[in-house]
Amino acid sequence: MENKTTMEIFNPLVNNLQTLEVGHNEKDPSKKKSVEKYFSQIKSNLYIGVKAHYLIARDLFDAKVNLKNNDFSRLVEQLSFSGSTQSKYLNIGKDLRLFSLFTKGKLPFKWTSQYFLTTLTDEKFNKVAKQIDADMPISKIKEIADVGKAEAKEFENKLLSMLTVEVDRTKFVDKGTFDFDKLVKKVKSALDSIPEITINDDKVDTVRDKISSFISKAHGQKRAVEQAQQIIANAKLFNAA
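Keep in mind the model is a prediction, meaning the values are calculated, not measured.

Here is what the cut-offs are and how they apply
Within each chain, residue numbers correspond to sequence positions counted from 1 in written order. Local features in this predicted model are restricted to residues whose pLDDT is 70 or higher, and side-chain atom pairs enter the listing and the counts only when it is 80 or higher, whereas totals over whole chains, interfaces and linings include all residues. By convention in this description, side-chain values take in all heavy atoms of the structure and omit both hydrogens and water. Throughout, nonpolar core names a set of buried Ala, Val, Leu, Ile, Met, Phe, Trp, Tyr and Cys residues whose side chains join them through atoms within 4.5 Å. Note on classification: 1.4 Å probe, protein chains only; a residue is buried when its accessible area is under 20% of the maximum for its type, exposed when over 50%, partly exposed between these limits. Strands here mean DSSP runs of E at least two residues long; helices mean DSSP runs of H or I at least four residues long; both are numbered from the N terminus. The contact rule is simple, with two residues in contact once any of their heavy atoms fall within 4.5 Å. Per-residue confidence from the predictor is given as pLDDT, running between 0 and 100. An arc is given here, and it is the one of the directions from the helix axis to the C-beta atoms.

Here we take up the nonpolar core. When a protein is soluble and globular, its nonpolar side chains tend to lie buried together. Counting residues in each nonpolar core, the largest one holds 29 residues, and the members touching the most others are Leu98, Leu107, Leu117, Leu120 and Val128. Elements with a minimum of two residues in this core: helix H2 (35–66), helix H3 (69–79), helix H4 (83–93), helix H5 (97–103), helix H6 (111–118), helix H7 (122–129) and helix H8 (138–145). Leave out the neighbours within four places in its chain, and Leu98 touches Tyr54, Ile92, Leu107, Gln114, Leu117, Thr118 and Phe125. Counting 6 residues, the second-largest nonpolar core is a separate cluster that includes Val184, Val204, Ile211 and Ile215.

Okay, here's the thing in structure tokens:
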């Protein structure tokens, strides 16, 4: 469970990148190196990225409305946006209700949660807006909105999963999670060029954590075996002497 004091430090209304809040002035006790200070700076910068993507979505939709089709196509080409990237941004950018959450620092971190909010009626959206925060998972949003099975199924069909990427965790024991991140980037790069596909990377962090845990256990077991072998070897030398 997340420490309550730590959670209170994150301010979703901060709009400037935090670069000098931790350890850059040892004489200033407010900038001491601590879990809480690192959390605040990292989380604030992560959320600024979320807000930046929302503004991109808003501006892209505005451009689609106001530019001629050939001019908009030229803009997208210059931005190197694939079809799936356009779709994601336009779906989010066209819903003005999200702007209210944006200004209050309540826009969800996950784009799938943002997209789900755009599918709600005004009544259900307003119900969620009273309780939502940046970290709220989509499952909680559905619970507050009292979304029925039919509505949930309709949303799932919009994001229909056709394929599942399976990762062999044993392949990363000697390589580490850095190679996993490279693999994720390679897969996303390949799929992002297909306009009919929208990439949902919500589970990437969970898989990375599981791989990291598996690597730690594997290395621990390897060290234990090596130590046991060394003990046996030493015992044989002792007996031989």
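Turning our attention to the confidence of the model for the protein. Summary statistics for the protein give a mean pLDDT of 77 and a share of 74% for residues scoring 70 or more. In the model of the protein, helix H1 (residues 4–9) stands out as the element of lowest mean pLDDT, 46, in contrast to H7, which has the highest, 93. Taken as a whole, residues 1–8 scores under 50 in pLDDT and shows 6 contacts with residues more than four places along the chain or in a different chain.

Bringing unusual backbone geometry into the picture now. The backbone phi angle of Ser80 is positive, close to 60 degrees, even though this residue is not glycine. By the element assignment, Ser80 lies in the loop between H3 and H4. A relative accessible area of 63% means that Ser80 is categorised as exposed. The phi torsion at Asp146 lies on the positive side, around 55 degrees, for a residue other than glycine. Of note, Asp146 is situated in the loop between H8 and helix H9 (149–158). By relative accessible area, which is 53% here, Asp146 ends up exposed.

Bringing H8 into the picture now. Looking only at H8, the buried set comprises Ile141, Ile144 and Ala145. The buried residues of H8 occupy an angular sector of 95 degrees when projected down its axis, which confines them to one face. Tucked inside the fold, the buried residues of H8 contact H6 and H7. Following H8 by one or two positions, Asp146 adopts a phi angle in the positive range, close to 55 degrees.

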